[in-house]
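Each chain, letter by letter, is given below.
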Amino acid sequence: VVRRRLLQRYEHQPFISCLAGFYSCRWRRYQRKRTEPGKCCCSMVNELKISSDMDFSFCFSLVFLYTWGEGKNDYNGFDWYNYGNLGFWFLWSLVILIVAAVLFAYTSLLLVLAMCLLAEGQQLYLHWSHKIGTFLVLGFTISSLFALSILWRDHRKTVRLSFQVTAPYLHIGAIAIMVLLSWPVALHALRADKKVIQVVIVGPYLAILLFLFLIPLGMYSPCIREEGTLGPKPALIGHRGAPMLAPENTEMSFLKTIEHGGDGLETDVTISYDGVPFLMHDDTLRRTTNIHEVYPNETGKAASLFSWDSLQKLNAGTWFLKNKPFLGMGSLSKADQNQAMNQSIYTLSGFLRLADSHNKLVIFDLYRPPEKHPYRNLWLRKVLDVILKESKIKRHLVLWLHNSVRSFVQSVAPGFQHTMGRKAPIEDLLKHNIVKLNLVYTDMSSEDIRKYAEANITTNFYVVNEPWLYSLAWCSGAHSVTTNAVHLLKDLSQPLFLMTPRQYNMMWILTDLTSAFLISLIFAL
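All figures in this text were calculated on a predicted structure; none of them were measured in a lab.

Definitions and limits used
- For every chain, the first residue of its written sequence is number 1, and the numbers climb from 1 along that sequence.
- Local features in a predicted model are, by the rule used here, given only for residues with pLDDT of at least 70; side-chain atom pairs are given and counted only at 80 or more, and totals for whole chains, interfaces and linings are based on all residues.
- Hydrogen atoms and water are omitted, and side-chain values are computed over all heavy atoms in the structure.
- Helix and strand assignments follow DSSP, with helices taken as H or I runs no shorter than four residues and strands as E runs no shorter than two, numbered in order from the N terminus.
- Within this scheme a cavity is a closed region of a 1 Å grid, computed over the protein atoms alone, that accommodates a 1.4 Å probe without allowing it to escape, whereas a pocket is open but has protein on both sides within 12 Å along at least five of seven lines; lining residues each have an atom within 4 Å of a point.
- Grid points are joined across faces, edges and corners, and a volume is the space filled by probe spheres set on the points.
- Each residue gets one of three labels, nonpolar for Ala, Val, Leu, Ile, Met, Phe, Trp, Tyr, Cys and Pro, charged for Asp, Glu, Lys and Arg, and polar for the others, Gly among them.
- UniProt positions are given in the numbering used here, feature names are shortened, and annotations may be inferred rather than shown by experiment.
- By definition here, a salt bridge exists when the distance from a side-chain nitrogen of Lys or Arg to a carboxyl oxygen of Asp or Glu is within 4 Å.
- Exposure is judged per residue with a 1.4 Å probe applied to protein chains only, and the accessible area is read against the type maximum: over 50% gives exposed, under 20% gives buried, and values in between give partly exposed.
- Here the nonpolar core consists of buried residues drawn from Ala, Val, Leu, Ile, Met, Phe, Trp, Tyr and Cys, with membership extended through side-chain atoms lying within 4.5 Å.
- Segmentation of the chain into domains, including their bounds, is taken from an automatic or database domain assignment.
- Note on contacts: a residue pair qualifies if any of its non-hydrogen atoms lie within 4.5 Å across the two residues.
- Two parts placed together each lose some accessible area under a 1.4 Å probe, and adding up what both lose gives the buried area.
- Two N or O atoms form a polar contact when they lie within 3.5 Å of each other; inside protein one atom must be a possible hydrogen donor and the other a possible acceptor, and for residues adjacent in sequence the pair counts only when both atoms belong to side chains.
- Paired rings are identified among Phe, Tyr and Trp, the last through its six-membered ring, by centres lying within 6.5 Å, and are further divided according to the angle between planes into stacked (under 30 degrees), edge-to-face (over 60) and tilted (the rest).
- Two strands qualify as a pair provided that DSSP identifies no fewer than 2 bridges between them.
- We call a crossover right-handed when, viewed with the strands running away from us, the connection from the first strand over the helix to the second turns clockwise.
- One less than the residue count of a helix, multiplied by 1.5 Å, gives the span that helix is expected to have.

(A) Just unusual backbone geometry, in detail. The amide bond that connects Tyr-462 to the next residue, Val-463, takes the cis arrangement and shows omega of -20°. Along the polypeptide, Val-463 turns up in the loop between strand 8 (458-462) and helix 19 (467-476). Notably, Lys-392 is not glycine yet its phi reads approximately 55°, a positive angle. As for its placement among the helices and strands, Lys-392 is situated in the loop between helix 15 (379-391) and strand 5 (398-400). In this structure, Val-405 takes a positive phi of about 45° despite not being glycine. Tracing the sequence through the fold places Val-405 in the loop between strand 5 and helix 16 (406-412).

The structure is reproduced here in structure tokens:
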């Protein structure tokens, strides 16, 4: 009898041993306890609190992973912001994405182990190292989400936009998780000997399930539309050319955009100390040239304070090969590497001639020179001289964005397509002969797009890099987008998510009915 009892006490249970070993570091059977019928899954109130913390850690790590993952469209801007503050280039966005994925995988594994232990009737005891780990995950994800909401407020708008594409799939995923959870919930409720405990266990589960069943009633997406109502594919304007394939704002970058079928070119224009308009986005030359090699004592000097002769001595391509500024850029061919290494700063005149020769639209931001610059008060006239006299680009190809002295520009250069960089009442736009709006993508609204289109005012959104965001712009009726990824978006033949209301309703109803049947079956068994 003693031998039999010892064997029962110490008999080998490899599956439960692995579960308890990884979760509680209790590899031997005598270290574990079974949950008695009617008893809580946790032996102490403190353990119950730890289990709740683990659930919160899982939820917040999931929210953080989704939030950061959907922000991929702006990773380059995030890394550029950190470059400006730290002084060196690094893909911090990729590091944060990896950390978010690791934290979510860790909390998910702990949750799966806990559910399996519950299903085997074992009491939960989280090892102290995991307790510290879940606490750190919870603190890190909450502080990260708070920092994002403060420092990157537009990111919340990006996440809200993403729901218009991902919500149907998130709904199916959430329902699938609830089906999987029904198994341990049913087992735990079955072991409870009091009705109150059963209600406490099953009640919240059913409330969440009912919420998920009904949540599609509040969903909206412009990509759920009747067949045949989808508008034309938005035109693609290369943001500083094709900066994922070539150094930004260089001749090679614009040629790559043209090669991949871009409809327009976007750039940034400043003016040298001796009056030559050239292309440069940043205030200084540190990020996109080798100024630290040629003029090491002038790296912080404004780009517009250099003469054109000095600017011509700089290389505008080697930084691109060294830093690889975009996530998932891929490798360049040997010919492209050689071409990139020999890029120089590009003039506005050369840019306009290139666009005109290929019949491409152009849009550009104009930067006024700083105080004491010789062309501080003449810079706009100098830019207009280059457009009208030097390059002689077809005027209908110019999307004039700069808002000051617009009436003067309209008088000396009739034919430009005048563009506004913000939303405004239609009456005001028509009064100033505005034919296009150039808006940040977080301002995207299918209702506003339709309203402006009825007044023959088209919309362009910037900067749209991700296929899901381009799909949303397409469904919303955008006329064009400014993008870093012309070579990727041009291959989309239709939006990633496109359904008729009838198809969506069928998917919603079938998902709910199937899940309700499976959950009922599990509880019945």
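Additional details are given in the paragraphs that follow.
(B) Main features of empty space enclosed by the protein. Tallied over the full model, the rule gives 3 cavities of 30 Å³ or more. By volume, the largest cavity amounts to about 60 Å³. As for the largest cavity, its lining consists of Glu-248, Asn-249, Thr-250, Leu-279, Met-280, His-281, Thr-288, Ala-316, Ser-344, Ile-345 and Tyr-346. The class makeup of the residues in the lining of the largest cavity is 5 nonpolar, 5 polar and 1 charged.

(C) Molecular detail of the UniProt feature "domain: GP-PDE" (unreviewed entry) in the protein chain. In this structure's numbering, the residues bearing the UniProt feature "domain: GP-PDE" (unreviewed entry) are residues 234-493. Helix makes up 35% of residues 234-493 and strand 17%, and the two end C-alpha atoms of the span are 11 Å apart.

(D) Region of the structure containing the pattern of salt bridges. Scanning all chains against the criterion turns up 15 salt bridges. Across the pair Asp-336 and Lys-256 runs a salt bridge whose closest N-O atoms are separated by 3.1 Å. In this pair, Asp-336 is assigned in helix 13 (residues 334-341) and Lys-256 in helix 9 (residues 251-259), connecting sequence segments 80 residues apart. A relative accessible area of 16% places Asp-336 in the buried class. Beyond isolated ion pairs, a larger network of salt bridges with shared partners links Arg-240, Glu-248, Asp-268, Asp-282 and Arg-287.

(E) The arrangement of the nonpolar core in detail. Residues Leu-429, Met-444, Phe-461 and Tyr-470 are the most contacted members of the largest nonpolar core, which totals 35 residues. Broken down by secondary-structure element, the contributors of at least two residues to this core are helix 7 (154-191), helix 17 (426-431), strand 7 (436-440), helix 18 (446-454), helix 19, helix 20 (486-489) and helix 21 (501-524). Among the elements that make up this core, the one with the highest residue count is helix 19 (7 residues). Counting contributing residues per domain, this core is built from domain 1 (152-222 + 499-524) and domain 2 (235-284 + 347-490), each supplying no fewer than three. For Met-444, the contacting residues outside a window of four places in its chain are Leu-161, Ile-449, Phe-461, Leu-469, Leu-472, Ala-473 and Ser-476.

(F) Representation of the environment of Leu-19 in the model. Take Leu-19: it is sitting in helix 2 (residues 14-24). As for Leu-19 and Cys-116, which are separated by 97 residues in sequence, their C-alpha atoms are 7.4 Å apart. Apart from the residues lying within four places of it in its own chain, the contact partners of Leu-19 are Leu-113, Cys-116, Leu-117 and Glu-120.

(G) Representation of the domain arrangement of the protein chain. Under the domain assignment used here, the protein chain contains domain 1 (152-222 + 499-524) and domain 2 (235-284 + 347-490). The centre of domain 1, based on its C-alpha atoms, is set 45 Å off from the matching centre of domain 2. Counting residues at the interface gives 9 residues for domain 1 and 10 residues for domain 2. For the pair domain 1 and domain 2, the summed buried surface comes to about 830 Å²; carbon and sulfur atoms form 71% of the total. Taken together, the connections running from domain 1 to domain 2 amount to 0 salt bridges. The interface formed by domain 1 and domain 2 holds 2 residue pairs in polar contact (both at pLDDT 80 or more) in total.

(H) Here's a closer look at the packing of aromatic side chains. Evaluation of the coordinates by the stated rule reveals 20 aromatic pairs. Where Trp-68 meets Tyr-75, the ring centres are 5.4 Å apart and the plane angle is 25°; that geometry is what we call stacked. You can call Tyr-75 buried: its relative accessible area is 3%. Note on Phe-278 and Trp-308: the rings are 6.2 Å apart at their centroids and 40° apart in plane angle, and the pair reads as tilted. Placement of the pair is Phe-278 in strand 3 (residues 277-279) and Trp-308 in helix 11 (residues 308-312), with a sequence separation of 30 residues.

(I) Structural view of the UniProt feature "transmembrane region" (unreviewed entry) in the protein chain. Within the UniProt annotation, "transmembrane region" (unreviewed entry) is assigned to residues 89-120, 132-152, 172-190, 197-220 and 506-524. Annotation note: span residues 132-152, helix share 95%, strand share 0%, distance between end C-alpha atoms 29 Å. Across residues 172-190, the secondary structure splits into 100% helix and 0% strand, with the terminal C-alpha atoms separated by 27 Å.

(J) Representation of the pairing of strand 6 (residues 417-420) in the model. Pairing of strand 5 with strand 6 involves 2 bridges; the strand directions are parallel. Bridge pairing in strand 6 links Leu-399 to Gln-417. A crossover connection joins strand 5 to the parallel strand 6 through helix 16; in handedness this β-α-β unit is right-handed. In this sheet, strand 7 lies alongside strand 6 in parallel orientation, the contact comprising 2 bridges.

(K) Representation of helix 6 (residues 128-151). Over its 24 residues, helix 6 extends 34 Å from the first C-alpha to the last, a length consistent with the 34 Å expected when each residue adds 1.5 Å. When we look at burial in helix 6, the residues that qualify are His-130, Lys-131, Gly-133, Thr-134, Val-137, Leu-138, Thr-141, Ser-144, Leu-145, Leu-148 and Ser-149.

(L) Representation of the environment of Leu-492. Tracing the chain through its elements places Leu-492 in the loop between helix 20 and helix 21. A relative accessible area of 15% means that Leu-492 is categorised as buried. Taking the C-alpha atoms as reference, Leu-492 lies 8.6 Å from Ser-471; in sequence the two are 21 residues apart.

(M) Broad picture of the layout of surface pockets. Put simply, the second largest pocket is a space of about 1100 Å³. Together, 43 residues line the second largest pocket, and Asp-74, Asn-76, Gly-77, Phe-78 and Trp-152 are the ones closest to its centre. At the level of secondary structure, the elements contributing two or more residues to the lining of the second largest pocket comprise helix 3 (45-70), helix 4 (75-86), helix 6, helix 7, strand 2 (264-271), strand 4 (361-366), strand 7 and strand 8. A per-element tally of the lining of the second largest pocket places helix 4 first, with 6 residues. Here the residues of the lining of the second largest pocket are counted per class, giving 20 nonpolar, 15 polar and 8 charged. Summarising the domain contributions, the lining of the second largest pocket has at least three residues from each of domain 1 (152-222 + 499-524) and domain 2 (235-284 + 347-490).

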